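Spelled out, the chains give:
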Amino acid sequence: GKQETLGVQYANVETPTVEIGGETYNVELVIVDNESSPEKGITAAHNLVTSGVSMILGTYGSGVAIAAGPTFAEAGVPAMGITCTNPQVTIGNDYYFRMCFLDPFQGTVLANYAWEHGSKKAYCLSKMGDDYSVGLVNYFADAFKKLGGTVVEEQFEQGNSDFAAYVANAKKNGCDVFFSPVSTEAAALIINQAQAQKLGMPILASDTWDSNVITGAAKGTDLEIIVTTFYQEGGDPEFDKGIKAWIEGDKTNLANNGGNSELAAVTAMGYDAYYVALEAVKAAGSTDPAAVLEALPDVVYTGVCGKVVFLDSGDADRNEAVVKKCNTADGTWEYVATQTVK
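This section reports on the structure supplied with the text. (Residues numbered from 1 in each chain as written. Predicted model: local features only at pLDDT ≥ 70, side-chain atom pairs only at ≥ 80, totals over all residues. Heavy atoms only, no water.)

### Re the overall build of the protein
If you tally the helices and strands in the protein, you get twelve helices and 14 strands. Each of the three principal axes of the protein carries a C-alpha extent, and together these read 65 × 40 × 35 Å. Summarising the internal contacts of the protein: among those between residues at least 6 apart in sequence, 64% fall at separations of at least 24. Of the accessible surface of the protein, which amounts to about 14600 Å², a share of 48% is contributed by carbon and sulfur atoms. Here the protein contributes 21 positively and 43 negatively charged side chains, and the mean placements of these two sets differ by 10 Å. (Helix = DSSP H or I, 4+ residues; strand = E, 2+ residues; numbered from the N terminus. Contact = heavy atoms within 4.5 Å. Areas by Shrake-Rupley, 256 points an atom, 1.4 Å probe, with all protein chains shown as cover. Lys, Arg positive; Asp, Glu negative; His and termini not counted. Charge placed at Lys NZ, Arg CZ, Asp CG, Glu CD.)

### Side note on the sheet that holds strand 5 (residues 96-98)
With parallel pairing, the three strands of this open sheet are ordered in space as 3-4-5. The open sheet has two free edges, formed respectively by strand 3 (56-57) and strand 5, since each of these has just one partner strand. (Pairing = 2+ DSSP bridges.)

### Describing the side chain of aspartate 240
Looking at where aspartate 240 falls in the secondary structure, it is placed in helix 9 (residues 237-248). A polar atom in the side chain of aspartate 240 sits 2.7 Å from the side chain of tyrosine 231. Excluding anything up to four places from it in sequence, aspartate 240 contacts Tyr231, Glu233, Gly234, Gly235 and Leu263. (Polar contact = N/O pair within 3.5 Å; in protein donor to acceptor, adjacent residues only side chain to side chain.)

### Quick word on the environment of methionine 55
Looking at the element boundaries, methionine 55 is found in the loop between helix 2 (38-50) and strand 3. Measuring from C-alpha to C-alpha, the distance between methionine 55 and alanine 277 comes to 7.3 Å, with 222 residues separating the pair along the chain. Setting aside residues no more than four positions away along its own chain, methionine 55 makes contact with Val77, Pro78, Met80, Ala277, Val292 and Leu296.

### Here's the deal with helix 5 (residues 131-146)
Taking 1.5 Å per residue, 16 residues should reach 22 Å; helix 5 reaches 23 Å between its end C-alpha atoms and fits that length. Burial in helix 5 covers these residues: Tyr132, Ser133, Gly135, Leu136, Val137, Phe140, Ala141, Ala143 and Phe144. Taken together, the buried residues of helix 5 touch helix 3 (62-75), helix 4 (103-116), strand 6 (121-127), strand 7 (150-156), strand 8 (177-179) and strand 9 (203-205). Of the residues one or two after helix 5, glycine 148 is the one with positive phi, at around 115°. (Expected span 1.5 Å × (residues − 1). Buried < 20%, exposed > 50% of the residue type's maximum accessible area, 1.4 Å probe, protein only.)

### Some points on the pattern of salt bridges
Counted by the stated rule, this structure contains six salt bridges. A salt bridge links aspartate 315 to arginine 98, with the shortest nitrogen-to-oxygen separation between them at 2.8 Å. Linking aspartate 315 in the loop between strand 12 (306-309) and strand 13 (321-327) with arginine 98 in strand 5, this pair joins segments that are 217 residues apart in sequence. For aspartate 315, a relative accessible area of 7% gives the class buried. For arginine 98, a relative accessible area of 0% corresponds to the buried category. (Salt bridge = Lys/Arg side-chain N within 4 Å of Asp/Glu carboxyl O.)

### Structural notes on the pairing of strand 10 (residues 225-229)
If a strand is regular, its side chains alternate between the two faces of the sheet. Of all five residues making up strand 10, five are buried, and the element is well covered by its neighbours. Residue alternation in strand 10 divides its side chains into two sets, Ile225, Val227 and Thr229 and Ile226 and Thr228, and both sets are buried. Looking at chain direction, strand 9 and strand 10 are connected through three bridges and run parallel. Its bridge partner lying in strand 10, leucine 204 is registered against isoleucine 226. Each parallel crossover has a hand, and for strand 9 linked through helix 8 (residues 212-218) to strand 10 it is right-handed. With four bridges joining them, strand 10 and strand 13 adopt antiparallel strand pairing. Looking at strand 13, one finds that valine 227 is bridged to lysine 324. (Right-handed = clockwise from strand over helix to strand, strands pointing away.)

Take it as geometry only, folks, not as evidence of what the structure does.
Here's what the structure looks like:
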């Protein structure tokens, strides 16, 4: 989640104040670490609401967002997910909004891409008990089967670090594509095994793989890695130039971005989220969470990742995903297409 937070922090440096009722207020970011754990996420959520924030941005990771949601609802503090794509984040929670597209859409885009590029049999690997990867595999599998494809599904347990058997099973089953929308830590291990065993099929993944952790692991391999995400570097040159200079100018920012200034889409989404939050506060004319909650559904904002308009569900009306491919020669992402589904 550090890369997502970097976008919020950069926006705060760029625009540190907000005008409310003719007065200028400094905008303070209260940042807590939920350690990507649903259990610890509840404690982190409680720490945020007791600190007196007007609005919550995040959290990175759908499972943690789902766990934290009731805490925000009970406290009456609006939250806005930035890149947590599982539908359950906002369902049944009138206090949780979201800026990104949802996994039923993302899974369908990925299934269509696989099918249109000649895949008939897909191997799908998710993490047991993980709302995000399990849910996204289900959406992908449903869409892929409707197109006429067949699916081989497996799950790995929490703490697993050996993916040799899973890669071998994908090959043994004669699959055409390997789909695994898991964390960057697991992804790097999968990449290592895929290269060691000469996987021989494209690897498809989702927004979690859009990271320089992935490009670093894939550099120098002969793998084909394709992901869906929210933004590709180059989409807004002025934004790119400013935030890259800011990242490179601070060793902590550089470390939080994985050691270089390559932009992840979650960073661009975090940047937009900050400005959506400011628009909500300005529209509310108040820092009171109840007033911000009332104003938020009517906010319309166009940022570097596109236009944000909220549906009655609290989700943004998003129907486009950026598809990009890893250039394994130099360890960078290359834009492939902007894709929609009917």
